[in-house]
Amino acid sequence: DSGVTQTPKHLITATGQRVTLRCSPRSGDLSVYWYQQSLDQGLQFLIQYYNGEERAKGNILERFSAQQFPDLHSELNLSSLELGDSALYFCASSKAGTGSTGELFFGEGSRLTVL
Amino acid sequence: GQQLNQSPQSMFIQEGEDVSMNCTSSSIFNTWLWYKQDPGEGPVLLIALYKAGELTSNGRLTAQFGITRKDSFLNISASIPSDVGIYFCAGQRRGGSNYKLTFGKGTLLTVNP
């Protein structure tokens, strides 16, 4: 158990819909990262938050947004869903922000299926 | 963007055999890390390397940070069935405010008992 909690574990929805994925980081971790994992693209970095502020942005689509709340949990919002958005979405956390060592603790993921 | 080439894509081995996989990049990284993902789980950190030339072991696992800073390898000795999973290399380049990791596409390891 990594200590990172993600909900829901599975989600099935239709194209055009909007979903919200939730992540609770390990106790004491200030940074939250979101990654998308698909079969052909591997683990793609989406976005990082540190103590409530956006710290780094990766290949995140404009239809996707995220935020980190004062209690440090984070949500990833995916809107106008397309078939190609079907993937595993991972949240990871670490203690550091700019001093990150790259040592991340991953949750079990949320599997999104868009029909 | 930064690309990591991880090879092989997949491996099928017999229990007891040694395994070697590697990762190369056209860019220099300050940190190399190796993660393992079990089926239905998130990746778990196996080994982190912080200095060029560093050789680090974790049980039956050994990883090295290449001298050029553009590559790393992971060896698994005397493989066992629970070694099955996807192994990812990851590189991190520190600079400015960008600390994101770049992951390789993974090596799928299958161990036949």
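Our subject is the structure listed above.
J.: Quick question: what am I supposed to make of the overall build of chain A here?
T.: When its secondary structure is counted, chain A shows 0 helices and 11 strands. Along the chain direction, N to C, the helices and strands of chain A fall in the order β-β-β-β-β-β-β-β-β-β-β. Overall, the C-alpha framework of chain A stretches about 40 × 30 × 30 Å when taken along its three principal axes. Scored against the burial criterion, the 115 residues of chain A give a buried share of 50%.

J.: So what exactly am I meant to see when it comes to the packing of aromatic side chains here?
T.: Here the distance between the centres and the angle between the planes together describe a pair of aromatic rings. Applying the stated criterion across every chain yields a total of 10 aromatic pairs over all chains. Measuring from ring centre to ring centre gives 6.2 Å for A:Phe106 and B:Phe103, while their planes differ by 75°; the resulting arrangement is edge-to-face. On the criterion of chain membership, the pair formed by A:Phe106 in strand 10 (residues 105-106) and B:Phe103 in strand 10 (residues 101-103) is interchain, its members lying in two chains. Owing to a relative accessible area of 3%, A:Phe106 belongs among the buried residues under this scheme. Their ring planes at 70° and their centres at 5.2 Å tell us that B:Phe29 and B:Trp32 sit as a pair that is edge-to-face. Residues B:Phe29 and B:Trp32 agree in their burial class; the two are buried. Grouping aromatic residues by their ring pairs yields a cluster made of A:Tyr35, A:Phe45, A:Phe90, A:Phe106, B:Tyr35, B:Phe88 and B:Phe103. The side chain of A:Arg26 reaches across the aromatic face of A:Phe105, ending 3.5 Å from its centre.

J.: Even after reading the chapter, I still don't get the interface of chain B and chain A, so can you show me in this structure?
T.: Put simply, an interface is often sized by how much accessible area is lost when its parts join up. Each partner contributes to the interface: chain B provides 20 residues, whereas chain A provides 19 residues. Carbon and sulfur atoms supply 55% of the area that chain B and chain A bury against each other, a total of about 1,700 Å² over both sides. At the boundary of chain B and chain A, one finds 0 salt bridges. Scanning the region where chain B abuts chain A turns up 3 residue pairs in polar contact (both at pLDDT 80 or more). Those elements that provide at least two residues to the side of chain B that touches chain A are strand 4 (31-37), strand 5 (44-49), strand 9 (85-92) and strand 10 of chain B. Looking at the side of chain B that touches chain A residue by residue, the classes come out as 10 nonpolar, 6 polar and 4 charged.

J.: Any chance you could explain the nonpolar core here in plain terms?
T.: For soluble globular proteins, nonpolar side chains are generally found buried alongside one another. Judged by nonpolar contacts, the single largest core of 21 residues is most densely connected at B:Trp32, B:Leu74 and B:Leu109. Contributions of two or more residues to this core are made by strand 2 (10-14), strand 3 (19-25), strand 4, strand 5, strand 7 (61-65), strand 8 (71-76), strand 9 and strand 11 (107-112) of chain B.

J.: Looking at this structure, I do not really get the environment of A:His10. What am I missing?
T.: Relative to the elements of secondary structure, A:His10 occurs in strand 2 (residues 10-13). Measuring from C-alpha to C-alpha, the distance between A:His10 and A:Ser93 comes to 20 Å, with 83 residues separating the pair along the chain.

About the cut-offs
Residues numbered from 1 in each chain as written. Chains lettered and ligands numbered in written order. Predicted model: local features only at pLDDT ≥ 70, side-chain atom pairs only at ≥ 80, totals over all residues. Heavy atoms only, no water. Helix = DSSP H or I, 4+ residues; strand = E, 2+ residues; numbered from the N terminus. Buried < 20%, exposed > 50% of the residue type's maximum accessible area, 1.4 Å probe, protein only. Phe/Tyr/Trp six-rings, centres within 6.5 Å; stacked < 30°, edge-to-face > 60°. Lys NZ or Arg CZ within 6 Å of the ring centre and 35° of its normal. Contact = heavy atoms within 4.5 Å. Buried area = accessible area lost by both parts, 1.4 Å probe. Salt bridge = Lys/Arg side-chain N within 4 Å of Asp/Glu carboxyl O. Polar contact = N/O pair within 3.5 Å; in protein donor to acceptor, adjacent residues only side chain to side chain. Nonpolar A, V, L, I, M, F, W, Y, C, P; charged D, E, K, R; others polar. Core = buried A, V, L, I, M, F, W, Y, C linked by side-chain atoms within 4.5 Å.

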